[in-house]
Amino acid sequence: MALPREDYRRRFDESSSCPRSTLSFVGRDAELARIAELFDEDVLFLIYGVAGIGKTELAYRALELARTRPGWSRAVPTLIQVQPDMTVPHLLAVLRQRTGADAARPDPLGARSSSLAEELDAVSRALDAQPRLLFLDDVHLIDPAAMTRILGHLARCVRASRVFAASRLEVPLASLGITPVITRLAPLDDRAARDMITHLGRRLGIAVSDVTGILQRAGGSPFFLQREVVSSPADELQTAADRLIATLAALPEPARRLLLHVAVVPGRVSVSELELVAGAASGPLAILARHFFLDAANGAIAIHDLIREAVLRLATPSEIQSARKAAAEVFVRRTDAGGPEAPLAAVEAARQLCAAGDHAASLAFITERYRLISGAGVDHLLRDTLDELRAALPGQATRSICSWRAPWSGAA
Ligand SMILES: Nc1ncnc2c1ncn2[C@@H]1O[C@H](COP(=O)(O)OP(=O)(O)OP(=O)(O)O)[C@@H](O)[C@H]1O
Ligand SMILES: [Mg+2]
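Residues numbered from 1 in each chain as written. Chains lettered and ligands numbered in written order. Predicted model: local features only at pLDDT ≥ 70, side-chain atom pairs only at ≥ 80, totals over all residues.

**Describing the site of ligand 1**
Consideration 1: If you check the shell around ligand 1, you find 24 residues, and the closest are Gly54, Lys55, Thr56, Glu57 and Pro222.
Consideration 2: Put simply, the parts of the chain that give the shell around ligand 1 at least two residues each are α3 (55-66), α9 (222-229) and α11 (240-249).
Consideration 3: Taken together, the residues of the shell around ligand 1 sort by class into 9 nonpolar, 8 polar and 7 charged.
Consideration 4: Among the domains, domain 1 (5-184) and domain 2 (190-247) are the pair contributing at least three residues each to the shell around ligand 1. (Near = placed C-beta within 6 Å. Helix = DSSP H or I, 4+ residues; strand = E, 2+ residues; numbered from the N terminus. Nonpolar A, V, L, I, M, F, W, Y, C, P; charged D, E, K, R; others polar. Domains from an automatic or database assignment.)

**A short note on the pairing of strand β3 (residues 132-137)**
Consideration 1: Burial analysis of β3 places 6 of its 6 residues in the buried class, the great majority of the element.
Consideration 2: Where burial is concerned, the two faces of β3 agree: the one with Arg132, Leu134 and Leu136 and the one with Leu133, Phe135 and Asp137 are both buried.
Consideration 3: Both strand β2 (residues 76-81) and β3 contribute to a ladder of 6 bridges, which runs parallel. Counterpart to leucine 79 in the pairing with β3 is phenylalanine 135.
Consideration 4: Crossover connection from β3 via helix α6 (residues 144-157) to parallel strand β4 (residues 162-167): handedness right-handed. (Buried ≥ 20, exposed ≤ 12 C-beta atoms within 10 Å, placed from the backbone. Pairing = 2+ DSSP bridges. Right-handed = clockwise from strand over helix to strand, strands pointing away.)

**Points about the sheet that holds strand β8 (residues 300-303)**
Consideration 1: A sheet is described by the order of its strands in space; here 3 strands give the open sequence β6-β8-β7, paired in antiparallel fashion. Taken across any chain shown, the strands that pair with only one partner, and hence form the sheet edges, are β6 (269-270) and β7 (294-297).
Consideration 2: Pairing between β7 and β8: 4 bridges, direction antiparallel. The residue of β8 that forms the bridge with alanine 297 is alanine 300.

**Let's talk about the environment of arginine 149**
Consideration 1: Looking at the element boundaries, arginine 149 is found in helix α6.
Consideration 2: Exposure remark for arginine 149: the 17 C-beta atoms within 10 Å place this residue in the partly exposed category.
Consideration 3: When the C-alpha atoms of arginine 149 and alanine 117 are compared, they prove to be 8.8 Å apart, with 32 residues separating the residues in sequence.

As structure tokens, this is what we get:
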């Protein structure tokens with residue numbers, strides 16, 4: 001019987017060699033190309049992303065490709081799987097042993113080097129004496145300050161080997177003035193996700209039905225895609241999905257609330273908009289950014305569908321309602337700001353108010369802004385909202401909606 005994935009990885013961990021990437025590896029071309037491009041210039045490669053997004057798999061693939069490069073075929077792939085209960089001294093001991101630093105010790109039976117710097121010097125020397133492709137997986141399980149020092153030291157001192165590390169949490173190397181090559185993994189794009197489904201179906205010898213449904217439910221997460229296609233025993237599935245939910249649940253309350261605010265907004269929202277409706281955001285945002293739950297560019301924030309779904313699943317209906325009210329406020333402000341986006345912002349504000357259960361406010365808003373909305377020819381986008389309002393506010397809504405003679409009302 002095939003080993004469950006985690007056991008399989010652990011087994012390899014014991015032998016310290018690095019497994020090959022899966023035969024169904026898909027996508028990630030841009031990420032691999034960037035790693036390849038910088039491979040000769042840099043020593044430290046960090047792979048960041050949420051649970052199940054494909055960090056480990058990408059590292060395996062990158063290492064495999066690295067060994068096909070001229071001069072690297074003899075580099076020894078070396079995996080160190082950080083375990084949840086691993087202490088810093090334990091990790092250092094494994095590092096020394098796996099890199100052969102112990103063997104190079106002048107007196108292997110003598111007293112151990114005492115300082116972290118000395119231990120790391122020994123590891124660096126060993127990594128220069130024997131070129132390795134060292135992969136430290138799940139380094140978020142180690143104290144961040146210690147991990148920063150360890151990786152920082154290796155980045156500065158090692159030349160003949162390459163060090164890859166995968167983490168669900170940012171390692172603050174900038175504090176040491178070190179700039180590693182960083183790959184932040186987003187969900188797979190639609191094409192890669194489809195390819196993955198095809199590969200898995202072919203290997204399992206099954207015809208996958210409802211590919212569109214699978215794509216929607218998995219949100220580009222390789223872990224969820226696999227789960228959708230492969231029906232595995234329940235205990236195998238408790239891994240990434242549960243860990244993602246568990247990490248979200250363990251967030252400090254303000255961070256989780258802010259994440260929910262972003263989750264109910266379609267598209268990007270600016271930091272200043274968030275602060276206007278949700279209060280001070282910089283502390284919670286910093287926490288969320290460290291976990292890669294948000295994607296921030298030029299002061300505008302977005303959330304991946306994968307995370308959005310998990311956040312919404314975790315929130316109570318009343319939490320979602322109040323987040324929607326705040327989102328409505330964002331879109332009311334955008335409507336008032338005018339410009340070409342105003343009509344669509346008005347539609348979204350009405351939708352959010354309705355979804356928040358504030359039917360009267362939604363209807364009043366639509367009535368007030370109907371000219372703007374229909375003038376831009378986007379009134380058909382309100383169809384579902386109006387249907388809901390009609391049902392929620394029978395007398396009042398029907399009268400005002402009918403009086404508009406909206407384009408779809410004749411056909412309805
Ligand atoms: N590009 C890919 N092509 C095919 N399968 C993939 C790809 N990326 C990941 N997978 C599969 O999806 C599952 C989750 O990926 P992986 O274990 O690499 O995620 P991870 O980010 O390391 O998660 P964790 O944080 O829990 O360690 C694995 O079974 C892996 O084989
Ligand atoms: Mg992993």
